[in-house]
Amino acid sequence: MLTTASVVEKSYLRFQLLLVLVLFIITSMQLNTVSTCPVLCTCSNRTGGISVECLDQGLTSIPSDFPNDSLSMILAGNEFSIVETGSFQNYSVLEFIVLAGCRIDVIQPGAFAFLFQLTSLNLADNNIKSIATGTFVGLNNLTTLYV
């Protein structure tokens, strides 16, 4: 025989289960959207991560607020002049970077540190006169480099 207390208890358990399910769905939806994208850039979902494009936007420094799961960054045609140490250190799954035509003069050692998944780096059409020893250390998967 069901008592009022057992009916209330079952209803409360159902409510808790429903609440957990709703929270799970909301969290899953948030994970499938592009979390943050710098102003003047376009971010789009790609299998396994995010593709970021900031083409010809007059940027003078590499933005630091890209989504952490960015797979590709196309930053061509900006005005960086320098690629600083650690510019990409928070993007460990990054596979592809285009910095072509950005008026880059200097690439500091460690600018591409911790990019163990990077396979392609395009530095063409810049003002780079020399590249310091160790600039590309750790880029074991790099198969394409344009300078």
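For the structure given in this document, a descriptive report is provided here. Note that the coordinates shown come from a computational prediction; the quantities given were computed from them, not determined experimentally.

### Quick notes on the pairing of strand 3 (residues 70–74)
For strand 3, a buried count of four out of five residues is recorded, marking the element as mostly surrounded by other parts of the structure. As defined by bridge partners, strand 3 adjoins strand 5 (residues 96–98) across three bridges and the pair is classed as parallel. Along strand 5, the bridge assignment pairs Ile74 with Val98.

### Section: a nonpolar patch on the surface
On the surface, Ile131, Leu145 and Val147 cluster together to form a nonpolar patch covering roughly 250 Å² of accessible area. Relative accessible area serves as the criterion here: at 34%, Ile131 is assigned to the partly exposed category.

### Some remarks on the packing of aromatic side chains
Both the distance between ring centres and the angle between the ring planes are used here to describe each pair of aromatic rings. For the structure shown, the criterion picks out four aromatic pairs. Where Phe66 meets Tyr91, the ring centres are 5.8 Å apart and the plane angle is 70°; that geometry is what we call edge-to-face. Of the two residues, Phe66 is situated in the loop between strand 2 (49–53) and strand 3 and Tyr91 in the loop between strand 4 (82–83) and strand 5; the sequence distance between them amounts to 25 residues. Judged by relative accessible area, which is 2%, Tyr91 ranks as buried. Relative to Phe112, the ring of Phe88 has its centre 5.8 Å away and its plane inclined at 15°; by these criteria the two rings are stacked. You can see Phe88 sitting in the loop between strand 4 and strand 5 and its partner Phe112 sitting in the loop between strand 6 (106–107) and strand 7 (120–122), a full 24 residues away along the chain. Across the pair, Phe112 and Phe88 agree in class, each one buried. Ring pairs connect the aromatic residues Phe88, Phe112 and Phe136, which therefore count as one cluster.

### Comments concerning the side chain of Ser87
Within the secondary structure, Ser87 is located in the loop between strand 4 and strand 5. We classify Ser87 as buried; its relative accessible area is 18%. Within the structure, the side chain of Ser87 is placed 2.6 Å from the backbone oxygen of Glu84, a separation counted as a polar contact. Each residue touching Ser87, except ones within four places of it in the same chain, is listed here: Ile62 and Ala111.

### Some points on the environment of Ala111
Of note, Ala111 is situated in the loop between strand 6 and strand 7. Judged by relative accessible area, which is 0%, Ala111 ranks as buried. Each C-alpha atom of the pair Ala111 and Ser87 lies 5.5 Å from the other, and the pair is 24 residues apart in sequence. With residues up to four places along the chain from it excluded, the contact list for Ala111 reads Val83, Glu84, Thr85, Gly86, Ser87 and Phe88.

### Let's talk about the environment of Ser70
Its location among the elements puts Ser70 in strand 3. Aside from chain neighbours lying at most four places away, what touches Ser70 is Ile50, Val52, Val93 and Leu94. Of note is the side chain of Ser70, whose polar atom sits 2.6 Å from the backbone oxygen of Pro67.

Parameters and conventions
- Residues numbered from 1 in each chain as written.
- Predicted model: local features only at pLDDT ≥ 70, side-chain atom pairs only at ≥ 80, totals over all residues.
- Heavy atoms only, no water.
- Buried < 20%, exposed > 50% of the residue type's maximum accessible area, 1.4 Å probe, protein only.
- Helix = DSSP H or I, 4+ residues; strand = E, 2+ residues; numbered from the N terminus.
- Pairing = 2+ DSSP bridges.
- Patch = residues over 30% accessible without salt bridge, like charges linked within 9 Å, V, L, I, M, F, W, Y side chains within 5 Å.
- Areas by Shrake-Rupley, 256 points an atom, 1.4 Å probe, with all protein chains shown as cover.
- Salt bridge = Lys/Arg side-chain N within 4 Å of Asp/Glu carboxyl O.
- Phe/Tyr/Trp six-rings, centres within 6.5 Å; stacked < 30°, edge-to-face > 60°.
- Polar contact = N/O pair within 3.5 Å; in protein donor to acceptor, adjacent residues only side chain to side chain.
- Contact = heavy atoms within 4.5 Å.

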